[in-house]
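# Topology and contacts: notes
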Amino acid sequence: MGAHSSSETQAVRQSSPVRQTIVIKLGTSVLTGGTLQLDRAHMVELVRQCASLRRQGHKVIMVTSGAIAAGREHLGYPELPKTMASKQLLAAVGQSRLIQEWERLFGIYGLHVGQMLLTRADLDDRERYLNARDMIVALLDNGIIPVVNENDAVATTEIKVGDNDNLSALVGILASADKLLLLTDQPGLFTADPRNNPDAELIREVHTIDETLHKLAGGSVGGLGTGGMATKLQAADVARRAGIEVIIAAGSRPGVIDDLVKGESVGTRFLPLESPLESRKRWILAGPPPAGDIVIDDGAAIAVQQRGSSLLAKGITEVKGQFERGEVTRIFNTKGALLARGICRYSSKDMAKIAGKHSQDIYQVLGYEYGPVAVHRDDLVVI
């Protein structure tokens with residue numbers, strides 16, 4: 001278990017000028033303040049801090065709980081049987097109310113939001129995963145804040161992620177995020193349960209997640225949400241393995257989002273194992289076997305090997321084997337030498353059609369496009 005740092009080493013980290021992609025997960029307890037209805041005054045304060053991040057050039061993604069709470073509030077707190085159908089009913093009513101509320105509040109700062117409702121099925125299926133990734137990137141690239149929630153109105157037990165803590169980690173991976181802020185009703189992870197142990201200390205920094213740490217994670221306190229500290233620990237473990245820094249902190253703390261992005265010593269910070277790019281490239285090298293081969297001309301070979309460029313369709317001379325969009329392929333030069341491995345943005349069928357074509361012609365050839373490159377440089381490892 002990673003011990004918390006001493007007071008001498010808890011110096012405030014300097015704000016980084018680097019623009020980051022930040023996922024902010026808001027639990028039901030944060031959005032309701034522990035009551036049975038949405039705390040709109042606190043929600044607008046959280047929005048103000050998100051708007052501040054946007055002005056600094058950061059990209060912001062919000063993973064929001066609260067649909068069922070919003071539905072229950074809108075319907076006047078009906079007495080319903082404790083069934084999946086009742087939860088889905090409340091989610092169906094509340095999800096539209098919740099997104100309208102976020103849209104209204106972000107609109108105060110001139111910001112647009114885009115709703116994304118996901119289930120595990122969207123993330124387990126390769127094509128749907130890639131579509132979700134393209135969607136979230138498109139929203140961010142166009143200055144729109146993705147507002148993500150689990151699609152509780154249609155999700156069954158089999159296809160549910162189950163909680164928005166783990167969903168936020170998966171969204172972070174989708175977006176290649178730099179930071180994941182898990183905002184909850186607790187200041188962070190403690191050495192013991194602070195509710196019944198006055199000697200419990202806040203763990204400031206975690207380097208290793210082990211069994212001892214898992215035993216410290218308790219259940220949900222307020223009973224309003226689905227995730228307690230245990231699910232936050234699971235989410236932190238998933239995200240940090242993908243190179244994402246994770247911080248658990250109290251969502252009610254004034255200026256908490258601003259302070260966390262500045263690097264101040266607030267909450268419990270989980271250090272990433274490696275950069276997202278290196279983690280991705282390691283997976284490309286050591287992950288699944290190549291599904292097919294691509295042969296490229298000398299100009300493309302120089303661009304890929306010496307300039308670190310993406311592979312464009314124009315440089316492709318031949319496509320071998322059958323592979324789907326998102327699968328790993330080998331890249332060879334015309335002499336048969338292996339140059340690189342990469343994740344293809346197009347299937348072998350599509351790749352054969354656009355080989356030798358200019359990027360601006362892809363849409364005309366296929367009738368659709370997944371971007372101007374065949375293999376992006378972030379998805380490409382030179383051998």
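Here is what the cut-offs are and how they apply
- Residues numbered from 1 in each chain as written.
- Predicted model: local features only at pLDDT ≥ 70, side-chain atom pairs only at ≥ 80, totals over all residues.
- Heavy atoms only, no water.
- UniProt positions renumbered as here; feature names shortened; annotations may be inferred.
- Helix = DSSP H or I, 4+ residues; strand = E, 2+ residues; numbered from the N terminus.
- Expected span 1.5 Å × (residues − 1).
- Buried < 20%, exposed > 50% of the residue type's maximum accessible area, 1.4 Å probe, protein only.
- Pairing = 2+ DSSP bridges.
- Axes fitted to C-alpha atoms, helices over the stretch in contact; angles between N-to-C directions.
- Patch = residues over 30% accessible without salt bridge, like charges linked within 9 Å, V, L, I, M, F, W, Y side chains within 5 Å.
- Areas by Shrake-Rupley, 256 points an atom, 1.4 Å probe, with all protein chains shown as cover.
- Salt bridge = Lys/Arg side-chain N within 4 Å of Asp/Glu carboxyl O.
- Phe/Tyr/Trp six-rings, centres within 6.5 Å; stacked < 30°, edge-to-face > 60°.
- pLDDT = per-residue confidence, 0-100.
- Contact = heavy atoms within 4.5 Å.

### A closer look at the UniProt feature "binding site: ATP" (unreviewed entry) in the chain
This chain's UniProt record puts "binding site: ATP" (unreviewed entry) on Lys-25, Thr-184, Asp-185, Thr-226, Gly-227, Gly-228, Met-229, Ala-230, Thr-231 and Lys-232. Secondary-structure assignment places Ala-230 in helix H9 (residues 229–241).

### Regarding helix H6 (residues 126–141)
Along its 16 residues, H6 runs 22 Å from first to last C-alpha, staying within 8% of the 22 Å computed at 1.5 Å per residue. Among all positions of H6, only Leu-130, Ala-132, Arg-133, Ile-136, Leu-139 and Leu-140 are buried. Positive backbone phi, at 75 degrees, marks Gly-143, one or two positions downstream of H6.

### As for the sheet that holds strand S13 (residues 380–382)
Within the open sheet, the five strands sit side by side as S10-S9-S11-S12-S13. Their pairing is mixed. With one partner strand each, in any of the chains shown, strand S10 (316–320) and S13 form the two edges of the open sheet. The mean angle between the axes of side-by-side strands here comes to 25 degrees, regardless of whether they run parallel or antiparallel. The pairing of strand S11 (residues 328–333) with strand S12 (residues 338–343) spans five bridges and is classified as antiparallel. For Val-328, the partnering residue across the bridge sits in S12 and is Ile-343.

### What to know about a nonpolar patch on the surface
There is a patch of nonpolar side chains on the surface, built from Leu-75, Leu-80 and Leu-89 and spanning about 220 Å² of accessible area. Position of Leu-80 relative to the elements: it lies in the loop between helix H3 (67–74) and helix H4 (84–107).

### Here's the deal with the pairing of strand S4 (residues 145–150)
Within S4, six of the six residues are buried, which leaves the element mostly enclosed by the surrounding structure. With two bridges joining them, strand S2 (residues 59–64) and S4 adopt parallel strand pairing. By the bridge assignment, Met-62 is partnered in S4 with Val-147. Here six bridges tie strand S3 (residues 113–118) to S4, and the two strands are oriented parallel to one another. Residue pairing in the sheet places Gln-115 in a bridge with Val-147 of S4.

### Observations concerning the packing of aromatic side chains
Overall, the coordinates contain three aromatic pairs when judged by the stated rule. Arranged with centres 6.2 Å apart and planes meeting at 45 degrees, the rings of Trp-102 and Phe-106 form a pair that is tilted. Of the two residues, Trp-102 and Phe-106 both sit in helix H4, four residues apart, roughly one turn of that helix. In this pair, the class of Trp-102 matches that of Phe-106, namely buried. Ring pairs connect the aromatic residues Tyr-346, Tyr-368 and Tyr-370, which therefore count as one cluster.

### Topic: the confidence of the model for the chain
Of all residues in the chain, 89% attain a pLDDT of 70 or more, and the chain-wide mean is 86. In this model residues 1–16 is a low-confidence stretch, pLDDT under 50, and it forms 29 contacts with partners more than four residues away in sequence or in other chains. The low-confidence segment residues 219–227 (pLDDT under 50) makes 19 contacts with residues lying over four places distant or belonging to another chain.

### Some thoughts on unusual backbone geometry
Across the chain, the bulk of peptide bonds are trans and the bulk of non-glycine residues have phi less than zero. Its identity as a non-glycine residue notwithstanding, Tyr-77 has a phi of 55 degrees, on the positive side. Structurally, Tyr-77 can be placed in the loop between H3 and H4. Taking relative accessible area as the criterion, Tyr-77 reaches 33% and is therefore assigned partly exposed. One non-glycine residue with positive phi stands out, namely Ser-176, at about 50 degrees. The class of Ser-176 is partly exposed, set by a relative accessible area of 44%.

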